[in-house]
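A closer look at the structure
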Amino acid sequence: MAIIKPFNCVRPEKEYASRVAALPYDVYNRVEAKEAALKDELSFLNIDRPETGFEISVDMYDERVYQRAKELLVKRIEDEIYLEDEKKCYYIYELIMKGRSQTGIVACASIDDYQNNIIMKHENTREEKEQDRIRHVDTCSAQTGPIFLAYRSNEVIHNTLERVKKGEALYSFTSEDGITHNVWKIEEDIAIETIEKAFEGIHRIYIADGHHRAASAVKVGLKRRKEAKEYDGSEEFNTFLSVLFPEDQLMILPYNRVVADLNDLSKEEFLSAVCENFYVNNMGEVKVTPEKKGTFGMYLDHTWYELTAKESLVQIEDPVDALDVSLLQDYILDPILGIKDPRTDHRIDFIGGIRGLSELEKRVAEDMTVAFSMYPTSIQELFAVADANKLMPPKSTWFEPKLRSGLFIHRI
């Protein structure tokens, strides 16, 4: 059974919500983050990426950086930019992108559920990336970036949310990227109890995005358990901030690939090697958007090709090996192009599907040689990999729209 708790939310006053809400900290490099933070002093990016307040010469992991995040958060609360709800509540977070809506519950998930694999993972985490968020959470005594969780659709939860959504929203605004953000508070005792009990009947929840944030929050919680002089299990550090969405409302975009060279092969040699495991169709200037699993677009030398996996590849049953990202890696990137480890090989780059196929053509014109457009990994494939206690290849999923940070803060 999943433990999903209401919490005392620290959140912006209504008039500041649209200014505070910021894209996740990890979508920016340092230069981009600094430029974005300068646009509005109230942007949560100033707290989420506190190195933006220092010269570029200052180490972004300097202790002063994390202290700045803490000081800014305290100041925002003192200045009444933020308020803290006295009652433990759930919140509804609806995002609308190009007319398509997805509605999630903002709540706190259990670090014990994370450790006991009630909350399922599908990615490895890297220690160096965890350490930054560990220090940020621990110094601020607050979780500031929600983990994106998914669960199998539940009629009781859906009906409860739809009923609350008929009331007045706490926030409703459209961000500069055209995404509409609507938030409601669930504060009725009967609705809170209904949701909590409904999640108790759900035996598995899945991390869709935010593996490093989740791992960091859990490690801070475990650290504080050891440090606590009087521990009773009710402490806020036993949970971590999350937004939970039903799987049938989620949209995963493809995560496309570009490679710098053909591994010393001629164009003809490369195409001949690809033909061993794929049917290759020359599409000329027609951009190829794969329309089904097992198909790929390939852009090479100003020409688009449609690749279709041969029957022997389509019959693979292992949930990881059968992923399209695995087929590309195992039958083209590794054996033909020599990309052994896409996590570390600097010859490969990854481009989120939100950027479109023109971005692939642009990169090939600028600094790459060949590009691959992908069919998106499905949420069911993600569930299958996690259920098998296996890991997905890197850059397998690109979720849109992105959750905004700063609308919900969990103090621990």
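Below you will find a few notes about this structure. (Residues numbered from 1 in each chain as written. Predicted model: local features only at pLDDT ≥ 70, side-chain atom pairs only at ≥ 80, totals over all residues. Heavy atoms only, no water.)

1. Overview of helix α10 (residues 267-274)
Quick reminder: α-helices carry 3.6 residues per turn. Residues three or four places apart thus point the same way. Listed as buried for α10 are Phe270, Leu271, Ala273 and Val274. All buried residues of α10 project into a common sector of 160° when viewed along the axis, lining one side. Turning to α10, the residues buried within the fold contact β15 (278-284), β16 (295-300), β17 (303-309), α12 (324-333) and β19 (370-373). (Buried < 20%, exposed > 50% of the residue type's maximum accessible area, 1.4 Å probe, protein only. Helix = DSSP H or I, 4+ residues; strand = E, 2+ residues; numbered from the N terminus. Arc of directions from axis to C-beta. Contact = heavy atoms within 4.5 Å.)

2. Concerning the layout of surface pockets
What the second largest pocket holds in volume is close to 220 Å³. Lining the second largest pocket we find 15 residues, and of these Lys5, Gly233, Ser234, Glu235 and Thr239 sit closest to its centre. When grouped by side-chain class, the residues that make up the lining of the second largest pocket number 4 nonpolar, 5 polar and 6 charged. (1 Å grid on protein atoms, 1.4 Å probe; cavity = no way out; pocket = protein on both sides within 12 Å on 5 of 7 lines; lining within 4 Å. Points joined across faces, edges and corners; volume = space filled by probe spheres on them. Nonpolar A, V, L, I, M, F, W, Y, C, P; charged D, E, K, R; others polar.)

3. Considerations on the sheet that holds strand β14 (residues 255-259)
Read from one edge of the open sheet, 6 strands run β15-β17-β16-β19-β14-β18, paired in antiparallel fashion. Every interior strand has two partners, whereas the edge strands, β15 and β18 (348-352), have only one. Between one strand axis and the next, the sheet turns through 25° on average, direction left out of account. One ladder, built from 5 bridges, connects β14 with β18; its direction is antiparallel. In the strand pairing of β18, Arg257 is matched with Phe350. Against the sheet, α10 makes contact with β15, β16, β17 and β19, and its axis sits at roughly 175° relative to β16, the strand it touches most. On top of the sheet, helix α13 (residues 357-366) reaches β14, β16, β17, β18 and β19; it is set at about 165° to β19, its chief contact. (Pairing = 2+ DSSP bridges. Axes fitted to C-alpha atoms, helices over the stretch in contact; angles between N-to-C directions.)

4. Notes on the packing of aromatic side chains
Taken as a whole, this structure holds 13 aromatic pairs when the rule is applied. Seen in terms of ring centroids, Tyr255 and Phe350 are 6.3 Å apart; in terms of plane orientation they differ by 80°. Their pairing is edge-to-face. Here Tyr255 is found in strand β14, whereas its partner Phe350 is found in strand β18, with 95 residues between them in sequence. Look at Tyr255 and Trp398: their rings are 5.1 Å apart centre to centre, the planes differ by 90°, and that puts the pair in the edge-to-face class. (Phe/Tyr/Trp six-rings, centres within 6.5 Å; stacked < 30°, edge-to-face > 60°.)

5. A word on empty space enclosed by the protein
Under the counting rule described, the total for this entry stands at 2 cavities of 30 Å³ or more. What the largest cavity holds in volume is close to 120 Å³. What lines the largest cavity is a set of 13 residues, among which Arg133, Val137, Thr144, Gly145 and Arg213 lie closest to the centre. Looking at the second largest cavity, its volume works out to about 40 Å³. Around the second largest cavity, the lining residues are Pro50, Glu51, Met60, Tyr61, Val65, Tyr66, Asp132, Arg133 and His136. Mapped by element, the contributors of at least two residues to the lining of the second largest cavity are α4 (63-78) and α6 (127-140). The element best represented in the lining of the second largest cavity is α6, accounting for 3 residues.

6. Quick look at the pattern of salt bridges
Tallied over the entire structure, the rule returns 40 salt bridges. For Arg347, the salt bridge identified is with Asp261, shortest N-O distance 2.7 Å. Here Arg347 is found in the loop between α12 and β18, whereas its partner Asp261 is found in the loop between β14 and α10, with 86 residues between them in sequence. With relative accessibility at 27%, the residue Asp261 sits in the partly exposed group. One salt bridge in this structure joins Asp301 and Lys267, with 3.2 Å as the shortest N-O distance. In this pair, Asp301 is assigned in the loop between β16 and β17 and Lys267 in helix α10, connecting sequence segments 34 residues apart. For Lys267, a relative accessible area of 25% puts it in the partly exposed group. Members of the salt-bridge network, linked through shared partners, are Arg11, Asp85, Lys185 and Glu187. (Salt bridge = Lys/Arg side-chain N within 4 Å of Asp/Glu carboxyl O.)

7. Regarding the environment of Leu253
You can see Leu253 is positioned in strand β13 (residues 252-253). A relative accessible area of 15% places Leu253 in the buried class. When the C-alpha atoms of Leu253 and Val31 are compared, they prove to be 26 Å apart, with 222 residues separating the residues in sequence.

The quantities given are spatial measurements derived from coordinates; they are silent on function.
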